[in-house]
Amino acid sequence: MNWTAIGAIYRFEMARFFRTLMQSFLSPVLSTSLYFVVFGAAIGSRIQEVEGVSYGAFIVPGLVMLSVITQAISNASFGIYFPKFTGTIYELLSAPVNFLEIVLGYVGAAATKALFIGIVILITATFFVDLHIAHPMAMVLFLLLTCLSFALLGFIIGIWATNFEQLQLVPLLIVTPLIFLGGSFYSISMLPPAWQTVTLFNPVVYLISGFRWSFFGLADVPIGISLLAIAAFTGLCLAVIWWIFRTGWRIRS
Amino acid sequence: MAPILSIRDLQKTYEGGFQALKGVTLDIEQGEILALLGPNGAGKTTLISTVCGITTPSQGQVTVGGHDIVQDFRAARAMIGLVPQEIALQPFETVLNTVRFSRGLFGKPRNDAYIERILRKLSLWDKRDSQITQLSGGMKRRVLIAKALSHDPRILFLDEPTAGVDVDLRKDMWDTVAELKADGVTIILTTHYIEEAEAIADRVGVIAKGELLLVQDKASLMAQMGKKQIEVQLDAPLDRIPDALAHLDLALGAGGESLIYTYDTNAARTGITALLNDIAAADLVLRDVQTRQSSLEDIFVDLVKGEAA
């Protein structure tokens, strides 16, 4: 394992994040505050409680997931797409590193940034709602796995994309709708039975349900299935990336 | 001594069927400078990209310092530095960070003193904290060289290093190459400029349509270039070389209107005086006299044309 190279990629990617630290810090604080104002205050005044939890607190896990998933995808996809765009990918391809080291560097950095945003949102949330975390270890595990798996997905998107529009396409058209429809701001038990069944085909449901369970001990689907779903998703992303580097798809001619 | 770079029957066929390399075989000795000349699309960049790992070979074998570029890619690539043809840099990074990154990427621990030495050598030290976007084109090219040298490679590939740079910078680049050679670095450069190959290379290779047409010592090429021709245009055409001039190594020009004499400029006696005296003695009337010297460019053009025919 070329740990020096992994460290070099990781530090290089993190340096970009630290250069724009205020932006990286302020934007999640602002957006979270807005969500609490709009969803928590406006809607929360009509929905008092969901399954015994105040609506303001109920949306916190979904809100964290929403930001963490979008940040992990956008950071990882941009991280690997930008060298393709500028042509500096020649250096990665000619360096004595294998695919795992490249992935660890880029995905590790993207996941770290997403984790940072997630923590900032959680802290921000404590200013608006009274938050108790029932299973802190499980919460950390879910958060880490989500950061990692969606950074892997972002990496795949970054390699697949041939222009900046495509880079936005999957997050905008697929991921964001899946998050919003995955029970971020409601319990799927609030939906009509038919829609509940449809919703179970949305992989994000399992993530948010598991994450919410770690906070309140409440889940739409069993926790074991949630863990299995995220593990399967991580495995699938890893397999796709392994195939990409094996065949050189869109990176090596 | 075993060659530092050994290429055997290297072939590359891109998706779509275009064959960019058709079985290139080449050995490069440690410490030499090889210039690869060739027209656009000849396969120069594909050759370099394949050796460096950017392009996957379709067939053949390449070893770098005895390490196979596929089986033992880590050891092989660690010895190589690549300066690409296009300027490819992360625009918002500083010079120092981007060069440090390259060193780390190649698995070498941080060494600020070494990086400083490279940046000073390339006149970039004063710009170390500047963003890449603030640099001129020539400086960006030097940053690419600094990145390629950051891990102390034993082989440096320069893909058209002086394309689009002004004369002063080109001379600077040649000096840098000479200094690297003095440090024992093996250099393979591609170029369109014959004068560049003449100025800095030890050997010259000519590549066209994916085939290596010639690899020759520059000195022996220069010897070929040392041949000069004198063409004596005659007032009246001849149907054959007169007997009085038969002892000279002459050829009859087109339509018998001229006599062509080839001589060695480096020889103690070129024989020009004797030639002119003998022509006058043979009662031939001269209309004009021209001299021609074959250049590396002529050799190159002839080879490439011959290949195209």
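Residues numbered from 1 in each chain as written. Chains lettered and ligands numbered in written order. Predicted model: local features only at pLDDT ≥ 70, side-chain atom pairs only at ≥ 80, totals over all residues.

The predicted model of chain A averages 88 in pLDDT, with 99% of residues at 70 or higher. Looking across chain A, the model is least confident in strand 1 (residues 49-50) of chain A, with a mean pLDDT of 78, and most confident in helix 4 (residues 89-94) of chain A, with 94. (pLDDT = per-residue confidence, 0-100. Helix = DSSP H or I, 4+ residues; strand = E, 2+ residues; numbered from the N terminus.)

All names here are of chain B. Inspection of the sheet shows strand 9 (residues 203-208) paired to strand 10 (residues 211-217) by six bridges, in the antiparallel sense. Residue pairing across strands places Ala 208 opposite Glu 211, the latter belonging to strand 10. Following strand 9, the chain reverses through two residues before pairing antiparallel with strand 10; Lys 209 in that reversal takes a positive phi of roughly 50°. (Pairing = 2+ DSSP bridges.)

This part takes up the packing of helix 9 (residues 203-216) of chain A against helix 10 (residues 223-247) of chain A. All names here are of chain A. Packing of helix 9 against helix 10 brings their axes to within 8 Å, and their N-to-C directions diverge by 130°. In terms of their interaxial angle, helix 9 and helix 10 are classed as oblique. Along this stretch, helix 9 crosses helix 10, giving a crossing that reads as left-handed. Contacts between helix 9 and helix 10 pair Pro 203, Tyr 206, Leu 207, Ser 209, Gly 210 and Trp 213 from the former with Ile 223, Ile 225, Ser 226, Leu 227, Ala 229, Ile 230 and Phe 233 from the latter. Counted by class, the contact of helix 9 with helix 10 contains ten nonpolar, three polar and no charged residues. (Axes fitted to C-alpha atoms, helices over the stretch in contact; angles between N-to-C directions. Parallel < 35°, antiparallel > 145°, perpendicular 65-115°, else oblique. Left-handed = near helix turned anticlockwise from the far one by under 90°. Contact = placed C-beta atoms within 7 Å. Nonpolar A, V, L, I, M, F, W, Y, C, P; charged D, E, K, R; others polar.)

So, about the interface of chain A and chain B. Facing the 21 residues of chain A at the interface are 27 residues of chain B. Counting residues per element, the side of chain A that touches chain B draws most heavily on helix 1 (residues 3-19) of chain A, at seven residues. Of the residues that constitute the side of chain A that touches chain B, the class distribution is ten nonpolar, nine polar and two charged.

Another point: the pairing of strand 1 (residues 5-13) of chain B. Residue and element names in this part refer to chain B. Pairing between strand 1 and strand 2 (residues 19-28): seven bridges, direction antiparallel. Following the sheet pairing, Leu 10 is matched in strand 2 by Val 24. Between strand 1 and strand 2, which pair antiparallel and follow one another directly, the connecting turn spans five residues, one of which, Gly 16, has a positive phi of 105°.

Another aspect to go through is the sheet that holds strand 6 (residues 80-83) of chain B. Residues and elements named next belong to chain B. Read from one edge to the other, the open sheet built from six strands follows the order 6-7-8-3-9-10, with strand pairing classed as mixed. Looking at the sheet topology across the chains shown, the edges are occupied by strand 6 and strand 10. The mean angle between the axes of side-by-side strands here comes to 15°, regardless of whether they run parallel or antiparallel. The sheet contacts of helix 5 (residues 137-149) involve strand 6 and strand 7 (155-159), and relative to strand 6 the element is tilted by about 170°.

Residue and element names in this part refer to chain B. One open sheet holds the four strands; their spatial order is 2-1-4-5, and the pairing between them is antiparallel. With one partner strand each, in any of the chains shown, strand 2 and strand 5 (67-68) form the two edges of the open sheet. As paired strands, strand 1 and strand 4 (residues 59-64) are joined by five bridges and run antiparallel to one another. In the strand pairing of strand 4, Ser 6 is matched with Thr 63. Contacts between helix 1 (residues 44-52) and the sheet are confined to strand 1, strand 2 and strand 4, with strand 2 contributing the most and set at about 65° to the helix.

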